[in-house]
Amino acid sequence: MTMAAEFGPALLLLAVAAAWVSLVYGWSLLVRQAPGVVSVEPFLSGTPPVQHAVSRYHVRWYTITMVFLAFDMEMVFMYPWAVVVAQIGPKAVIEMFGFLAVLLVGVVYAWREGAFRWT
C-alpha cells in the first residue's frame, strides 16, 4: 500500500478544513464593519437593564448548578439503565439504587449546608 493511499483521507480532510477556515476568515474580512460606538442599548424583555451584563452571580447559584448537574447526569445514566434492566436482572437494580443513594447523600449535604435557602 502506498503512502498516498494510506494518508489520502486524512490529507483530504485537512485540506477541506483549511479551505473552510480560509473561506470563513476571508468572508469576515469582506463583511467587517467599521468600529464605532453602538447606538442601541441592550434591553431585557423591553425594559432597560438595571445592572451590567457581566455582573457577578451570587455564590449560591454555583451550588444549585452542581445539584442540577448531578440530577442531569442521573437522567443520562438512568435511560440506558431502563433499557437494559430487564436483561441484566436484579444486579442492575441494586447498582442503580446504590447510584441513587450517592445522589441522595449529595442532596442531603446541600440541604444541610443551606444551598436551597433563598434568604
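Residues numbered from 1 in each chain as written. Predicted model: local features only at pLDDT ≥ 70, side-chain atom pairs only at ≥ 80, totals over all residues. Heavy atoms only, no water.

Engineer: I would appreciate a short explanation of a nonpolar patch on the surface in the present structure.
Structural biologist: A contiguous nonpolar patch, built from Y57, V59, W61, Y62 and W118 and spanning about 660 Å² of accessible area, is present on the exposed surface. Its location among the elements puts V59 in the loop between α1 (3-30) and α2 (60-88). (Patch = residues over 30% accessible without salt bridge, like charges linked within 9 Å, V, L, I, M, F, W, Y side chains within 5 Å. Areas by Shrake-Rupley, 256 points an atom, 1.4 Å probe, with all protein chains shown as cover. Salt bridge = Lys/Arg side-chain N within 4 Å of Asp/Glu carboxyl O. Helix = DSSP H or I, 4+ residues; strand = E, 2+ residues; numbered from the N terminus.)

Engineer: So what exactly am I meant to see when it comes to the packing of α2 against helix α3 (residues 90-112) here?
Structural biologist: Helix packing for two helices is described by the angle between their axes and how far apart those axes are. Relative orientation of the contacting elements α2 and α3 amounts to 170 degrees, with a least axis distance of 10 Å. One way to sum up the angle between α2 and α3 is to call them roughly antiparallel. Judged by residue contacts, V67, A70, F71, E74, F77, M78, W81, V85 and I88 of α2 engage P90, K91, A92, V93, M96, F99, L100, L103, V107 and A110 from α3. Along the lines of polarity and charge, the residues of the contact of α2 with α3 split into 17 nonpolar, no polar and two charged. (Axes fitted to C-alpha atoms, helices over the stretch in contact; angles between N-to-C directions. Parallel < 35°, antiparallel > 145°, perpendicular 65-115°, else oblique. Contact = heavy atoms within 4.5 Å. Nonpolar A, V, L, I, M, F, W, Y, C, P; charged D, E, K, R; others polar.)

Engineer: Could you clarify how one ought to interpret the side chain of E74 in this entry?
Structural biologist: Summarising the element assignment, E74 is placed in helix α2. Within the buried core, E74 has no salt-bridge partner, and the shortest N-O distance to an opposite charge, that of R112, equals 20 Å. Here E74 is in contact with F99, L100 and L103, once residues within four sequence places are set aside. (Buried < 20%, exposed > 50% of the residue type's maximum accessible area, 1.4 Å probe, protein only. Lys, Arg positive; Asp, Glu negative; His and termini not counted.)

Engineer: Explanation requested: α3 in the structure shown.
Structural biologist: At 3.6 residues per turn, the α-helix brings residues three or four places apart onto the same side. Taking 1.5 Å per residue as the helical rise, α3 with its 23 residues ought to reach 33 Å, and the 33 Å between its terminal C-alpha atoms agrees with that figure. Among all positions in α3, only A92, M96, L103, V107 and A110 are buried. The inward-facing, buried residues of α3 contact α2. A positive backbone phi angle near 85 degrees is found at G114, which sits one or two residues after α3. (Expected span 1.5 Å × (residues − 1).)

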